[in-house]
Amino acid sequence: MTSLSDIPVIQTPPEAPARGGNPLANVFDDFIRYCRSRSLFMLHYCTGCGAIELPPAMTSRFDMERIGIQPMVTPRQADILLVTGYVSVKTLKRIILTYEQMASPKYVIGICSCTVNGGMYWQSYATAKKLNDYLPVDLYIAGCMPRPEAVIEGLKALRDNIEAGTSDNWKDYYQRYDHYLGNQQRLFGADWQTPTEVIAEAKHYGLFGPDTLGEHTRRLEDHRKPLEPLRMTLNAGRLEHME
Amino acid sequence: MTTDIGQWLGHLIGQVEGVQHRGRHARRQRLDVAPDALPALLELLQGKGSFVHLSAISCVDWPEDGQFELVYHVWSYELKTLVSAHIRIPREPGRYLSVYDIYKPAAFFERDIHEMYGVFFEGSPSMEKFILTEWDGPPPMRKEFDSENWVNDHFDWQDYHPDWLNDIESRGGGIAIRPDEQRFSRKAKHES
Ligand code: SF4
């Protein structure tokens, strides 16, 4: 339906030499992007068999830490979401929840043919086919499964894209939230919702666009249950005995 | 006793009516059982034959015959033999007795078969959803469930020649897919 190239990539402020072509005008932005691309924390969501190639990629033989990439344990502190392999429909829900919890800027990498087009599970009712229908994917590493060399090569490409400022599909998730939500609702049913306030975040980041809201987000409002604070008690598990 | 399992087993199951015995190998014995006789047979195998381990219950759909085939695999640690007891039940209404009272692990296998084939086991402790907790379509392992159609209705496929591939091709890479193996999403199908 959408090819990756149709997704408008929002450039970071155009590098037009301001004020008579001062070569140092963007030096601070460049520096930030350079630093960001050299220190990436990766949340590897090991959904499928492709995850097997990650331990060698991470450990001493191929050692992705030498290009500044380290595994991270929580989505809140991670920059990259690595989806390694087939994504079952049940798992996809969890991946979307995880993705939405990550702080921007965030990048999604789909490893394995299965995330590209369903791979060898193309006929299966249980696995999602195109990851970039549901999440803004920055980079695919195809292969069944890709060797650690390919994984490292892909991560290097992502690093270069971040440094060049061309890898910001995460903005697309806010700008075209309605599109992504529509695909999610098509698969999970009309009452699908996540606890994250994506629309409010879009406003916060200044990424609220004409396609952020639409028919699908309107449907969201019909089903939205207000979040209720949990009651804070000690031994909450035994609450009913106390009352 | 272990020297001729076939003979010994034949002797044992001679006590139950409606059982046909086909031993293909000392370690692998096949019994074709009438559905009514299966609980009695399993009880006998477990109680007298040391077949204490229920390895699996599997189900086969035979839509032309209008039948489900249920296969109970039981294993004996002493005889090192796997006995597979096959029964056929009518596809409609697809109900059978649970063997949970003989083998406790049957609860999981029966729940799984109920979910995947829609066979209902009377007396099984739980017939709730098991793995497909978020699935509300028909039981997906039945032969009449067309997985490919379902997939085409619910998912889109990646484009075969997206623009970004041009970049890769200009650098000497690329992909080739035979025309008969190409699949197209709803939109492309409607357009063509
Ligand atoms: S592409 Fe191959 S290795 Fe990767 S998840 Fe799919 S089947 Fe497994």
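Residues numbered from 1 in each chain as written. Chains lettered and ligands numbered in written order. Predicted model: local features only at pLDDT ≥ 70, side-chain atom pairs only at ≥ 80, totals over all residues. Heavy atoms only, no water.

- Identification of chain B as NADH-quinone oxidoreductase subunit C from Parasulfuritortus cantonensis is taken from an unreviewed UniProt entry.
- Here chain B is described in UniProt, under the heading Sequence similarities (unreviewed entry), as follows: "Belongs to the complex I 30 kDa subunit family." (UniProt positions renumbered as here; feature names shortened; annotations may be inferred.)

- Per an unreviewed UniProt entry, the recorded name for chain A is NADH-quinone oxidoreductase subunit NuoB, and the organism is Parasulfuritortus cantonensis.

**Focus on the domain arrangement of chain A**
How big an interface is tends to be stated in terms of the accessible area lost upon association of its parts.
Residue and element names in this part refer to chain A.
And then number 1: Per the domain assignment, the segments of chain A are domain 1 (32–167) and domain 2 (168–223).
And then number 2: A straight line from the C-alpha centre of domain 1 to that of domain 2 covers 22 Å.
And then number 3: Facing 21 residues of domain 1, the contacting portion of domain 2 comprises 18 residues.
And then number 4: Here domain 1 packs against domain 2, burying approximately 1700 Å² in sum over the two surfaces, 59% of which is carbon and sulfur.
And then number 5: If you look at where domain 1 meets domain 2, you find nine residue pairs in polar contact (both at pLDDT 80 or more).
And then number 6: Of all the elements, helix α4 (residues 89–101) adds the most residues to the side of domain 1 that touches domain 2, at seven residues.
And then number 7: A breakdown of the residues in the side of domain 1 that touches domain 2 according to their chemical character gives eleven nonpolar, five polar and five charged. (Domains from an automatic or database assignment. Contact = heavy atoms within 4.5 Å. Buried area = accessible area lost by both parts, 1.4 Å probe. Polar contact = N/O pair within 3.5 Å; in protein donor to acceptor, adjacent residues only side chain to side chain. Helix = DSSP H or I, 4+ residues; strand = E, 2+ residues; numbered from the N terminus. Nonpolar A, V, L, I, M, F, W, Y, C, P; charged D, E, K, R; others polar.)

**Quick word on the UniProt feature "domain: NADH:ubiquinone oxidoreductase-like 20kDa subunit" (unreviewed entry) in chain A**
And then number 1: When the UniProt feature table is mapped to this numbering, "domain: NADH:ubiquinone oxidoreductase-like 20kDa subunit" (unreviewed entry) covers residues 46–158 of chain A.
And then number 2: Span residues 46–158 of chain A is 30% helix and 18% strand, its end C-alpha atoms 19 Å apart.

**Examining the sheet that holds strand β3 (residues 53–62) of chain B**
All names here are of chain B.
And then number 1: Taken together, the five strands give an open sheet; going across it, the order is β1-β2-β5-β4-β3, and neighbouring strands pair in mixed fashion. Each of the sheet's edge strands pairs with one partner strand only, and the pair in question is β1 (19–25) and β3. Averaged over all pairs of adjacent strands, the angle between their axes in this sheet comes to 20 degrees, without regard to strand direction.
And then number 2: Lying on the sheet, helix α2 (residues 38–49) is in contact with β1, β2 (28–33), β4 (67–76) and β5 (81–90); it crosses β4 at an angle near 10 degrees.
And then number 3: Contacts between helix α3 (residues 106–117) and the sheet are confined to β3 and β4, with β3 contributing the most and set at about 15 degrees to the helix. (Pairing = 2+ DSSP bridges. Axes fitted to C-alpha atoms, helices over the stretch in contact; angles between N-to-C directions.)

**Description of the interface of chain A and chain B**
And then number 1: The partner chain B presents 28 residues to the 25 residues of chain A that form the contact.
And then number 2: There are three salt bridges connecting chain A and chain B.
And then number 3: Between Arg-186 of chain A and Asp-156 of chain B there is a salt bridge whose closest N-O contact spans 3.4 Å.
And then number 4: Our enumeration of links across chain A and chain B arrives at eleven residue pairs in polar contact (both at pLDDT 80 or more).
And then number 5: Of all the elements in the fold, those that place two or more residues in the side of chain A that touches chain B are α4, α5 (113–117), β6 (127–128) and α8 (177–188) of chain A.
And then number 6: The element best represented in the side of chain A that touches chain B is α4 of chain A, accounting for four residues.
And then number 7: Here the residues of the side of chain A that touches chain B sort into ten nonpolar, eight polar and seven charged. (Salt bridge = Lys/Arg side-chain N within 4 Å of Asp/Glu carboxyl O.)

**A look at the site of the ligand**
And then number 1: Around the ligand, the neighbouring residues are Cys-49, Gly-50, Gly-85, Tyr-86, Cys-112, Ser-113, Cys-114, Met-120, Tyr-121, Gly-143, Cys-144 and Met-145 of chain A.
And then number 2: Per-class residue counts for the shell around the ligand are eight nonpolar, four polar and no charged. (Near = heavy atom within 4 Å.)

**A look at unusual backbone geometry**
And then number 1: Cis geometry is found at the peptide bond from Ser-104 of chain A to Pro-105 of chain A, where omega equals -5 degrees.
And then number 2: Among the structural elements, Pro-105 of chain A can be located in the loop between α4 and β5 (107–111).
And then number 3: The step from Cys-144 of chain A to Met-145 of chain A runs through a cis peptide bond, and the omega angle for that step is -10 degrees.
And then number 4: Residue placement: Met-145 of chain A occurs in the loop between β7 (139–141) and α6 (148–164).
And then number 5: Within the chain, Asp-63 of chain A stands out as a residue other than glycine whose phi angle is a positive 55 degrees.
And then number 6: Looking at Asp-63 of chain A, the relative accessible area reads 26%, which means it is partly exposed.
And then number 7: Positive phi outside glycine occurs at Ser-50 of chain B, with the angle close to 65 degrees. (Buried < 20%, exposed > 50% of the residue type's maximum accessible area, 1.4 Å probe, protein only.)

**What to know about the layout of surface pockets**
And then number 1: Counted as a void, the second largest pocket has a volume near 420 Å³.
And then number 2: Among the elements of the structure, α4 and α8 of chain A together with α4 (147–154) of chain B are those that each provide at least two residues to the lining of the second largest pocket.
And then number 3: Counting residues per element, the lining of the second largest pocket draws most heavily on α4 of chain A, which supplies four residues.
And then number 4: Both of domain 1 (32–167) and domain 2 (168–223) of chain A provide at least three residues apiece to the lining of the second largest pocket. (1 Å grid on protein atoms, 1.4 Å probe; cavity = no way out; pocket = protein on both sides within 12 Å on 5 of 7 lines; lining within 4 Å. Points joined across faces, edges and corners; volume = space filled by probe spheres on them.)

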